[in-house]
Amino acid sequence: MNDGPDPPPGGAGHAFWQSLDELAQSPDFLRRLEQRFPDEYARLAELAASIDRRRFLQLTAATLALSGLAACGPAPIAGLVIPYVDQPEDTVPGKVRLFASALTRDGLATGILARQIMARPINIEGNPDHPASLGASDAIMQATVLDLYDPDRSKWVIDNGEVSSADALVTALVNRMPQLGKTQGEGLRVLTRASSSPTLSAQFAALTRLYPRLRRHHWHGGWRDNLREASRRAFGRVVAAVPKLDKADIILAVDSDLLNEAPGHLAHARAFARRRRELASGGRGNRLYAIESTPTVTGANADHRFVVAAAQMEPVLRALAAHIGIGPREWAGGAAPSWLPAVAADLAQHKGRALVHVGPYQSVSLHLLGHAINAGLGAFGQTLEFLEPPELDTSDEISSLSSLVADMHKGEVDTLLILGGNPAFTAPPDLGFDEALKRVKFSLHLATHVNETTRLCRWHLPRAQELERWSDARAFDGTATIVQPQIEPLYGGWSEHELLAVLGGAVRPQGHDIVQATWQGEAKRRGIADFATFWREAVRAGVVPGTRSPAAPVTLSPNIISEISATGQTDPPALSVLFRPDPWLRDGRYANNGWLQELPRPLTKLTWDNAVLVAPALAKERGLANEDVVAVETEAGRVKGPVWVMPGQAADAVTVLVGFGRRVVGRVGAGTGFDGFPLRSSNTLTEAPLRRLAKTDQKWPLATTQVHQHIHDPLHPGDILRFGTVEELRRNPDMFKGQSPQDSLYPAWPYPRYAWAMAINLSSCIGCASCTMACAAENNIPVVGKDQVLRDREMHWIRVDRYYRGDENAPTETLFQPVPCMHCEDAPCEVVCPVEATMHDHDGLNVMVYNRCVGTRFCSNNCPYKVRRFNWINYTKRDPRLDLAWNPDLTVRARGVMEKCTYCIQRIREAEITADREGRRVRDGEVRTACQAACPTEAIVFGDQNDAHSAVRKRKDSPLDYGMLEGLNTKPRTTYEARITNPNPALAEG
């Protein structure tokens, strides 16, 4: 039974594997494969002693608690938020309402629709009218709801470590203003994170007129400094380069996570996936190449992914440029790998339809190379659009922060306002930010949580969370959104607009009035007479029309080749450390969010910890294994962290994901991971030479979910994953045709009313995990904590399995497969349930009657898809004071109950009731499951398969459609479309 992974259709020997243990067929993996519940029976006796009650209660409180706050929320377009003490006239109990707004990341806006029930936000979806979301959302956006209801948020104004009041703070600030006026703001500094807010820009302009010597600084981690500097050298100024993936036939991603991290990544992923789906229908489609030193989601979705040593990234791209005909011939020297001529030829053959995208973490010279290649390929104005940058400040971040710190050290800063962020945690240690901040007489930190920076400031003011404040922001293409609050500030938080208004002399400023004044001025400049209608429509739609950034005419510097030669790297180090923000925690700002801590990372599947990622080859050379603690040392500092052996990692580099190891953080984030920021210096923000990598005698357990629900079917190996190339599909259109359902002793049950079903396109799925987080937010799925994940007890109703194919050091194929409940028509779980807790309803849904379940777990034992979750502990213990975080449309399950995906039955029932009331059938698209609504690539389609014109029926009629393990005759309602890739025929043998 356990003779290794089996080859699915698509070519002999194309074996997929999920982990290195599976690839090696280690004894531990084989033992786990034989057991349905790994180690559970051996651990039952020690269960009571193994649970840390204090830690469990901390996690439960931080996930669910709100300390008895009363619900409140805004009227649709009211100027001020209406408290829910007196019920607004237009509020219907239990009715879902949507309100447009935006969330910002790296200073740029993504449009959202906040789902409200009883005037409190319970879920986030994308705004289909917003260019940055197009109706989709990602995991961090979904988890913002939990940040809103985080009981560890800052609740009090603090003065020198003592609880104070907002009035006292305002008085202290106002008392300083006469002196600031006399000196024209000499010594007054404001430090912000990245921002694109027009209102903030207008406020700084007004403050500069009032205090001409005021200086504003910005710090967001310095991740995009090289990108901006390359733009200055290539074009003479900073411009926003926006990829147009809908027009790109050939894409080369150079250490770029374009589909999962770049500004506008949701829109980019959607455009990429739509072109991808053309392949199955005979269309032109697209082809994606990726060269990278550390794996990314974009690289995992490439038709060809090439592992390039960190020290060789620039020589390889120079050689590529030379093969295309850009730059001197000597660039095409000995560094050129065997695959490079074919890639260069493919790009050159598609001039005007090709694109090279360099990730922000690469050097200035590599970005210059990218600009030069794109110019030579005719990408400008075709697959690459240049716009005026939407950010307030495009200057060098590290220079801005360095100048501030230098002035603080010299005593030239006596008043400092820090608006958000946590520079004491993220600033390079060689700057000495902590010591410099202690020299400032009046320092104020505006933040949602008390953090490392707060402890060093004289004053702390609670900041309103993004769902609580009025503001505005621009998208990656400049489109503006007016950010409206979804609830009154739970802890009396302030916005940066209100704080700056006090500095400008305002009395009792209101965020709404400040933002509205900005747009009144804009309406006047546009000649809009009816401002009230303009304002109301802009707030309602979540998009301000006519605000997209204008095109930025660019001319490539004629000295670009000499610029590249002058900035080239010489004498590269033998080993490097690559610094990357954690996919979910980013720079640590989301460290106290339990949903994000427990969400498996797309490629490592790690939860609750970061790790030092090393290549299998380097691990063998140094005798390293998963969970070995190593000491990592650079010129800047030294840290210790556990090892994770990462397939596809370059052997000359280790990757450290920063954002963990917070020292001043709430209950959830305490004790998670290690801090990698001390390894960075002001000169090595994204990559540093590795001085030392030494194995210690310590181990650190890592909670990974990658093999928790391993599916293995030696009799029908092709029933799990099906894939093939576009050429194979053209030669054999029926290559994915599976087994016909076997005859049954029992007649098929008719479902004449509705037959709800789901189809998942594996060619579109990029593995971003948006579906998993959306499901958790919608369905009251609890956080269980690291200890329980280590016991295979995470509760997510939909998992995203990640498979590799090929060599462990350079996998040739990575495939993601979302796995919810299959809703089998002949469900194996139902026949073994002794109390009929799992059963079929009149529409064919496999439902759970929770109050019948007695926790035998027979259904989970009999489920071949391993999609059921059992409440081992009372994870969702209710407290009547702590209810705001729950979705009231869903039950909250108790200990001893089995649960699983329900196809968001609450949304189905709502649509059915509405349709029955109106005397009609539910329309196609009227029911959108949470996972479907979130998916940026439209990989998931849901609907009534009885409707011949429905989108789900059309997908299921595709020759690519198949049911997982359909040879078992379970007749799953959830089916898949096989993954189709578009490899370069010239590289097929390689």
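Residues numbered from 1 in each chain as written. Predicted model: local features only at pLDDT ≥ 70, side-chain atom pairs only at ≥ 80, totals over all residues. Heavy atoms only, no water.

### Thoughts on the overall build of the protein
As a reminder, the rule being used: A run of H or I in DSSP counts as a helix once it spans at least four residues, and a run of E counts as a strand once it spans at least two, with each numbered from the N terminus. Remark: exposure states derive from per-residue accessible area (1.4 Å probe, protein chains only) relative to the maximum for the residue type, with buried under 20%, exposed over 50%, and partly exposed in between. Contacts: residue pairs with any heavy atoms within 4.5 Å of one another. Here the Shrake-Rupley method, with its probe set to 1.4 Å, supplies the accessible areas, and only the displayed protein chains count as covering residues.
On a plain count of helices and strands, the protein comes out with 30 helices and 40 strands. Residues classed as buried in the protein amount to 63% of the 990 residues present. For the protein, restricting intrachain contacts to residue pairs at least 6 apart in sequence, the fraction spanning at least 24 positions comes to 74%. A total accessible area of about 36,200 Å² is found for the protein, and carbon and sulfur atoms account for 51% of it.

### Remarks on the pairing of strand β25 (residues 653-658)
Where we set the bar: For two strands to count as paired, DSSP must find a minimum of two bridges between them.
When you tally the buried positions in β25, you get six out of six residues, the bulk of the element. Side chains of β25 alternate between two faces, with Ala 653, Thr 655 and Leu 657 and Val 654, Val 656 and Val 658 buried alike. Alignment of strand β20 (residues 576-581) against β25, held across six bridges, turns out to be parallel. From the neighbouring strand, Ser 576 faces β25, where its bridge partner is Ala 653.

### Here we look at the sheet that holds strand β27 (residues 692-699)
Using the following cut-off: For helices, the axis comes from a line fit to the C-alpha atoms of the stretch in contact; other axes are also lines fit to C-alpha atoms, and the angle between any two N-to-C directions lies between 0 and 180 degrees.
On the basis of which strands lie adjacent, the open sheet formed by seven strands has the order β26-β20-β25-β22-β24-β23-β27 and mixed pairing. Edge positions in the open sheet fall to β26 (687-689) and β27, since each of these has one partner strand only. Taken over all neighbouring pairs, the strand axes of this sheet differ in orientation by 35° on average, direction set aside. Pairing of strand β22 (residues 612-614) with strand β24 (residues 638-645), which is carried by three bridges, proceeds in the parallel orientation. The residue bridging Leu 613 from the neighbouring strand is Trp 644, located in β24.

### Here we look at the packing of aromatic side chains
For the record, the criterion: Note on ring pairs: Phe, Tyr and Trp rings are taken, using the six-membered ring of Trp, and paired if centres are within 6.5 Å. Classes follow the plane angle, with under 30 degrees stacked, over 60 edge-to-face and the rest tilted. For a Lys NZ or an Arg CZ to count as sitting over a ring, it must be within 6 Å of the ring centre and within 35 degrees of the ring normal.
Here the structure, examined in full by the defined rule, presents 14 aromatic pairs. Chaining the aromatic ring pairs together yields one cluster made of Trp 470, Phe 531, Phe 534 and Trp 535. Looking at Arg 662, its charged tip hangs above the ring of Phe 425, at a distance of 5.7 Å from the centre. Above the ring of Trp 872, the side-chain terminus of Arg 793 is found at 4.2 Å from the ring centroid.

### Some words on the environment of Gln 486
Within the fold, Gln 486 resides in the loop between β19 (480-483) and α18 (496-503). Under the relative-accessibility criterion, Gln 486 is labelled buried at 0%. Considered as a pair, Gln 486 and Trp 470 are 16 residues apart in the sequence and their alpha carbons are 9.5 Å apart.

### Structural notes on the nonpolar core
The following threshold applies: By nonpolar core is meant a set of buried Ala, Val, Leu, Ile, Met, Phe, Trp, Tyr and Cys residues that side-chain atoms within 4.5 Å join together.
Core analysis: the largest hydrophobic core is formed by 114 residues, its most contacted members being Leu 596 and Trp 756. A per-element tally of this core places helix α6 (residues 139-148) first, with seven residues. Excluding its chain neighbours within four sequence positions, the residues that come into contact with Trp 756 are Asp 843, Leu 845, Tyr 903, Ile 908, Glu 912, Val 922, Val 927, Phe 942, Gly 943, Asp 944 and Arg 973. One finds Tyr 289, Ile 291, Ala 321 and Leu 355 within the second-largest nonpolar core, a separate group that totals 61 residues.

### Here's the deal with the environment of Arg 287
What counts, and what does not: Here a polar contact is taken to be a pair of N or O atoms separated by no more than 3.5 Å, where protein atoms must pair a possible hydrogen donor with a possible acceptor and residues adjacent in sequence count only if both atoms sit in side chains.
Here Arg 287 lies in strand β11 (residues 287-292). A relative accessible area of 11% places Arg 287 in the buried class. When the C-alpha atoms of Arg 287 and Asn 984 are compared, they prove to be 8.0 Å apart, with 697 residues separating the residues in sequence. Not counting residues within four places of it along the chain, the set of residues in contact with Arg 287 comprises Asp 249, Ile 250, Ile 251, Arg 276, Asp 303, Asp 346, Asn 982, Pro 983, Asn 984 and Pro 985. Within polar-contact distance, the side chain of Arg 287 engages the side chain of Asp 346 at 2.7 Å.

### Topic: the state of the cysteines
In a disulfide, the sulfur atoms of two cysteines are covalently bonded to one another. Filter applied, for reference: The disulfide criterion used throughout: a pair of cysteine sulfur atoms within 2.5 Å.
This model, assessed by the stated rule, comprises zero disulfides. Among the cysteines around Cys 931, which has no disulfide bond, Cys 904 carries the closest sulfur, lying 6.2 Å off. Judged by its relative accessible area of 9%, Cys 931 is buried. For the unlinked cysteine Cys 935, the closest cysteine sulfur is that of Cys 768, found at 6.1 Å.

### Structural notes on the sheet that holds strand β13 (residues 354-358)
Overall, parallel pairing links the four strands, which are arranged β12-β11-β10-β13 in an open sheet. Pairing within the sheet leaves two strands with one partner each, and these edge strands are β12 (304-307) and β13. Here the strands of the sheet are splayed against their neighbours by 10° on average, with no regard to which way each runs. Of the pairings in the sheet, the one linking strand β10 (residues 250-254) to β11 comprises five bridges and is parallel in character. Note that in β11 the partner of Ile 251 across the bridge is Leu 288. Lying on the sheet, helix α14 (residues 364-376) is in contact with β10 and β13; it crosses β13 at an angle near 170°.

### Some details on the pattern of salt bridges
Worth spelling out the cut-off: Any Lys or Arg side-chain nitrogen found within 4 Å of a carboxyl oxygen on Asp or Glu counts as a salt bridge.
Tallied over the entire structure, the rule returns 67 salt bridges. Here Arg 216 makes a salt bridge to Asp 393, at a shortest N to O gap of 3.6 Å. Pair noted here: Arg 216 is in strand β8 (residues 215-218) and Asp 393 is in the loop between β14 (384-387) and α15 (397-409), with a separation of 177 residues, a long-range link. Taking relative accessible area as the criterion, Arg 216 reaches 23% and is therefore assigned partly exposed. Among the salt bridges present, the one from Glu 496 reaches Arg 469, with a minimum N-O distance of 3.8 Å. Of the two residues, Glu 496 sits in helix α18 while Arg 469 sits in the loop between β17 (459-462) and β18 (471-474), which places them 27 residues apart along the sequence. Each member of the pair, Glu 496 as well as Arg 469, is classed as buried. Shared partners join several salt bridges into a network, and the residues in it are Arg 753, Asp 841, Asp 843, Arg 909, Glu 912 and Asp 916.

### Overview of the confidence of the model for the protein
Using the following cut-off: The pLDDT value expresses, per residue, how confident the predictor is, ranging between 0 and 100.
On average, the protein scores 87 in pLDDT, and the residues at 70 or more come to 88%. The low-confidence segment residues 36-51 (pLDDT under 50) makes 20 contacts with residues lying over four places distant or belonging to another chain. Every residue in residues 63-87 scores below 50 in pLDDT, and together they form 75 contacts with partners more than four places removed in sequence or on other chains.

### A word on the side chain of Asp 477
Its location among the elements puts Asp 477 in the loop between β18 and β19. Looking at Asp 477, its side chain comes within polar contact range of the side chain of Thr 479, at 3.0 Å. Contacts of Asp 477, omitting those with residues within four sequence positions, involve Pro 131, Leu 387, Arg 548 and Ser 549.

### Things to note about the packing of helix α12 (residues 313-324) against α14
Selection criterion: Working definition: roughly parallel below 35 degrees, roughly antiparallel above 145 degrees, roughly perpendicular at 65 to 115 degrees, and oblique for all remaining angles. A crossing counts as left-handed when the near helix is turned anticlockwise from the far one by less than a right angle, and as right-handed when that turn is clockwise. Classification used: nonpolar for Ala, Val, Leu, Ile, Met, Phe, Trp, Tyr, Cys and Pro, charged for Asp, Glu, Lys and Arg, polar for all others including Gly.
Across the interface, α12 lies against α14 with an axial gap of 10 Å and an inter-helix angle of 15°. Between α12 and α14, the angle falls in the class roughly parallel. In the crossing of α12 with α14, the sense of the turn from one axis to the other is left-handed. Between α12 and α14, the contacting residues are Met 313, Glu 314, Leu 317, Arg 318, Leu 320, Ala 321 and Ile 324 on the first element and Ser 365, Leu 366, Leu 369, Gly 370 and Ile 373 on the second. Residue classes in the contact of α12 with α14 are distributed as eight nonpolar, two polar and two charged.

### Some remarks on the environment of Glu 912
By the element assignment, Glu 912 lies in helix α28 (residues 905-917). Sequence-distant contacts of Glu 912, defined by excluding residues within four places in its chain, comprise Arg 753, Tyr 754, Trp 756, Asp 843 and Val 922. A polar side-chain atom of Glu 912 sits 3.3 Å from a polar atom in the side chain of Trp 756. A polar contact of 2.9 Å, which involves the side chain of Glu 912, links it to the side chain of Arg 909.

### Things to note about α12
The condition that has to hold: Helix span, as expected, comes to 1.5 Å for every residue beyond the first.
Here α12 spans 17 Å end to end across twelve residues, near enough to the 16 Å set by a 1.5 Å rise per residue. Burial within α12 is extensive, with ten of its twelve residues counted as buried. For α12, the set of buried residues is Met 313, Glu 314, Val 316, Leu 317, Arg 318, Ala 319, Leu 320, Ala 321, Ala 322 and Ile 324. Positive backbone phi, approximately 105°, marks Gly 325, located one or two places after α12.

### Description of the side chain of Asp 407
Looking at where Asp 407 falls in the secondary structure, it is placed in helix α15. A relative accessible area of 7% means that Asp 407 is categorised as buried. Within polar-contact distance, the side chain of Asp 407 engages the side chain of Arg 189 at 2.8 Å. With residues up to four places along the chain from it excluded, the contact list for Asp 407 reads Arg 189, Arg 215, Glu 412 and Val 413.

### A few points about α6
Owing to its 3.6 residues per turn, the α-helix aligns residues three or four sequence positions apart on the same side. For α6, the tally of buried residues reaches ten of ten residues, placing the bulk of the element in the interior. All buried positions along α6 are accounted for by Ala 139, Ile 140, Met 141, Gln 142, Ala 143, Thr 144, Val 145, Leu 146, Asp 147 and Leu 148. Two to three positions downstream of the cap, the backbone nitrogen of Ile 140 sits 3.2 Å from a side-chain oxygen, assigning the N-cap of α6 to Asp 138.

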